[in-house]
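This is what each chain is made of:
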Amino acid sequence: MSRPAYFILEIDIHDMEGMKPYLEKVGATVAAFAPTSLVNGDNIEPLEGAAPIGKVVVLRFDTMAKARAWYESPAYSEILRHRLAAADNRAFLVEGLDA
């Protein structure tokens, strides 16, 4: 049985104008990979250590391969530079537990 994978992004946008091309197109790049959006918010309550600055986004993909295929897709690669230039980011994939 394959395990789900989670794309986790901590993002602090410092150039909203520069971020617009990413925000306008990111939904279309991810649609074919059918993730579930679990988190997209900035109401963060730290319990241990420092909270991320900005917001946190969590997408659940069916498999690690599907998550990586989206992240490495030509469509996403084309817009990623906008996010990287317009925000401070930490992004990673985490394999989940069997259902």
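Everything discussed here concerns the structure shown above.
Let me sum up the structure you'll find in this document.

What counts, and where the lines are drawn
Residues numbered from 1 in each chain as written. Predicted model: local features only at pLDDT ≥ 70, side-chain atom pairs only at ≥ 80, totals over all residues. Heavy atoms only, no water. Pairing = 2+ DSSP bridges. Helix = DSSP H or I, 4+ residues; strand = E, 2+ residues; numbered from the N terminus. Polar contact = N/O pair within 3.5 Å; in protein donor to acceptor, adjacent residues only side chain to side chain. Salt bridge = Lys/Arg side-chain N within 4 Å of Asp/Glu carboxyl O. Buried < 20%, exposed > 50% of the residue type's maximum accessible area, 1.4 Å probe, protein only.

## Digging into the pairing of strand β1 (residues 5-13)
Where β1 meets strand β3 (residues 55-61), seven bridges bridge the pair, whose relative direction is antiparallel. Looking across to β3, one finds that Phe7 is bridged to Leu59. With nine bridges connecting them, β1 and strand β4 (residues 87-95) associate as antiparallel partners. For Ile13, the partnering residue across the bridge sits in β4 and is Ala87.

## A closer look at unusual backbone geometry
The phi dihedral of Ala34 is positive, around 50°, even though this residue is not glycine. Secondary-structure assignment places Ala34 in the loop between α1 (16-31) and β2 (36-41).

## Comments concerning the side chain of Ser73
With respect to the helices, strands and loops of the structure, Ser73 is situated in the loop between α2 (64-71) and α3 (74-86). A distance of 3.2 Å separates a polar atom in the side chain of Ser73 from the backbone nitrogen of Tyr76.

## Section: the pattern of salt bridges
Two side chains bearing opposite charge may form a pair once their charged atoms approach each other closely. For the coordinates displayed, the defined rule picks out seven salt bridges. Of the charged contacts, one joins Lys20 and Glu17 as a salt bridge, the two residues approaching to 3.1 Å between their closest N and O atoms. Placement of both Lys20 and Glu17 in helix α1 is noted, with a separation of three residues, approximately one turn of the helix. Its relative accessible area of 55% is what places Glu17 among the exposed residues. A salt bridge links Glu72 to Arg68; the nearest nitrogen and oxygen atoms lie 3.0 Å apart. When its relative accessible area of 48% is taken as the criterion, Glu72 is described as partly exposed. Overall, Arg68 belongs to the partly exposed group, its relative accessible area being 41%. Several salt bridges converge on common partners, so that one network encompasses Arg3, Glu95 and Asp98.

Worth remembering: the numbers are spatial, not functional.
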